[in-house]
Amino acid sequence: DQQVKQNSPSLSVQEGRISILNCDYTNSMFDYFLWYKKYPAEGPTFLISISSIKDKNEDGRFTVFLNKSAKHLSLHIVPSQPGDSAVYFCAASASQGGSEKLVFGKGTKLTVNP
Amino acid sequence: DSGVTQTPKHLITATGQRVTLRCSPRSGDLSVYWYQQSLDQGLQFLIQYYNGEERAKGNILERFSAQQFPDLHSELNLSSLELGDSALYFCASSVVGGETDTQYFGPGTRLTVL
């Protein structure tokens, strides 16, 4: 049972346009969400996070939106750049239970075309 | 460079064998996590250690074990290897392992079981 789902395996956008990556979750205990970016042959790199007490967090070109009622979050990249081409993983964790393990989605491969 | 180091980078072995993967966390980080990424899968949480003690367990097989040493480096031991154990194994570290602690990932060890 996948608790974190990224339903789009791939996304292609033009340089300068907006990239929107989506993520859905099923576990209502999740209260902290993160996005990681992964280049080939490298480990995932932390990008941005959001706590469930917020509905938006912004860091430069990256904004994460959280809709708790829909159990949905999205990552917006504006403007998209060719260097943003990578696999993006959505991850979630639950603060209760004493475990800080992250539950990851399967990733969305973003390609930004020049 | 996340500051997390993993050795070896690649490992090729045969079924039935035993291997040890090593991870050194970022300087100052007390918590270490191990994740497995199989083909077309997201990262699956295996186990977490905090300051030498096991803190959380995921879907880690009984054939797998881990430990964190006094100098905070960690080792993941995989025994009686099967073809299905072929995967990327990532180590991550965080400062104290709190629920809003960012996990920083190493470059991974690619294990191939023939």
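For the structure itself, look to the data block above.
Since we're looking at a predicted model, the values are computed, not measured. For every chain, the first residue of its written sequence is number 1, and the numbers climb from 1 along that sequence. All chains are assigned letters beginning at A, and all ligands numbers beginning at 1, according to the order in which they are written. The predicted origin of the model limits local features to residues at a pLDDT of at least 70 and limits the giving and counting of side-chain atom pairs to 80 or more, whereas totals for whole chains, interfaces and linings rest on all residues. Computation of side-chain values covers all heavy atoms of the structure but excludes hydrogens and water.

A.B. asks: Kindly report on the interface of chain A and chain B, identifying the contributing residues and their values.
C.D. replies: On the chain B side, the residues contacting the 19 residues of chain A number 22 residues. Buried surface at the junction of chain A and chain B, summed over both partners, amounts to about 1,700 Å²; 59% is from carbon and sulfur atoms. In protein, a polar contact requires one atom able to donate a hydrogen and another able to accept it; more generally it is a pair of N or O atoms within 3.5 Å, and residues adjacent in sequence count only if both atoms are side-chain atoms. Across the chain A-chain B interface, the total number found is two residue pairs in polar contact (both at pLDDT 80 or more). Only DSSP runs of H or I covering at least 4 residues are called helices, and only runs of E covering at least 2 are called strands; the numbering of each starts at the N terminus. The biggest single contributor to the side of chain A that touches chain B is strand β4 (residues 32–38) of chain A, with three residues. Should any heavy atoms of two residues lie within 4.5 Å, those residues are considered in contact. By buried area we mean the combined loss of accessible area, with a 1.4 Å probe, across both parts when two parts are placed together.

A.B. asks: Please give an account of the pattern of salt bridges that cites residues and values.
C.D. replies: Salt bridge, as applied in this entry: a Lys or Arg side-chain nitrogen positioned within 4 Å of an Asp or Glu carboxyl oxygen. Applying the stated criterion across every chain yields a total of five salt bridges over all chains. The residue R61 of chain A makes a salt bridge to D84 of chain A at a minimum N-O spacing of 2.8 Å. Taken together, the residues span a long stretch of sequence, with R61 of chain A in the loop between β6 (56–59) and β7 (62–67) and D84 of chain A in the loop between β8 (72–77) and β9 (86–93) at a distance of 23 residues. Taking the shortest distance from any N to any O, the salt bridge between R26 of chain B and D29 of chain B comes out at 2.8 Å. Each of the salt bridges in this network shares a partner with another, and the network as a whole consists of R63, E82 and D85 of chain B.

A.B. asks: Can you explain unusual backbone geometry? Please cite residues and give values.
C.D. replies: Cis geometry is found at the peptide bond from V78 of chain A to P79 of chain A, where omega equals -10°. The topology assignment puts P79 of chain A in the loop between β8 and β9. The omega angle of the peptide bond from T7 of chain B to P8 of chain B is -10°, so this bond is cis rather than trans. Relative to the helices and strands, P8 of chain B resides in the loop between β1 (5–7) and β2 (10–13). For A41 of chain A, which is not glycine, the phi torsion reads 65° and is therefore positive. In this structure, A41 of chain A sits in the loop between β4 and β5 (45–51).

A.B. asks: Kindly report on the state of the cysteines, identifying the contributing residues and their values.
C.D. replies: The disulfide criterion is simple: two cysteine sulfur atoms within 2.5 Å. Here the structure, examined in full by the defined rule, presents two disulfides over all chains. The disulfide bridge from C23 of chain A ends at C90 of chain A, spanning 2.0 Å between sulfur atoms. Measuring the twist about the S-S bond at about -70°, one finds the C23 of chain A-C90 of chain A disulfide to be left-handed. Placement of C23 of chain A in strand β3 (residues 19–25) and of C90 of chain A in strand β9 is noted, with a sequence separation of 67 residues between them. Between the sulfur atoms of C23 of chain B and its disulfide mate C91 of chain B the distance is 1.8 Å. Handedness here is read from the sign of the S-S torsion; for C23 of chain B and C91 of chain B, about -50°, the answer is left-handed. Here C91 of chain B lies in strand β9 (residues 87–94) and C23 of chain B lies in strand β3 (residues 19–24), a separation of 68 residues in the sequence. Here the two residues C23 of chain B and C91 of chain B agree in accessibility, since each one is buried. Whether a residue is buried, partly exposed or exposed follows from its accessible area with a 1.4 Å probe, protein chains only, as a fraction of its type maximum: under 20%, in between, or over 50%, in that order.

That's the geometry; what it means functionally is another story.
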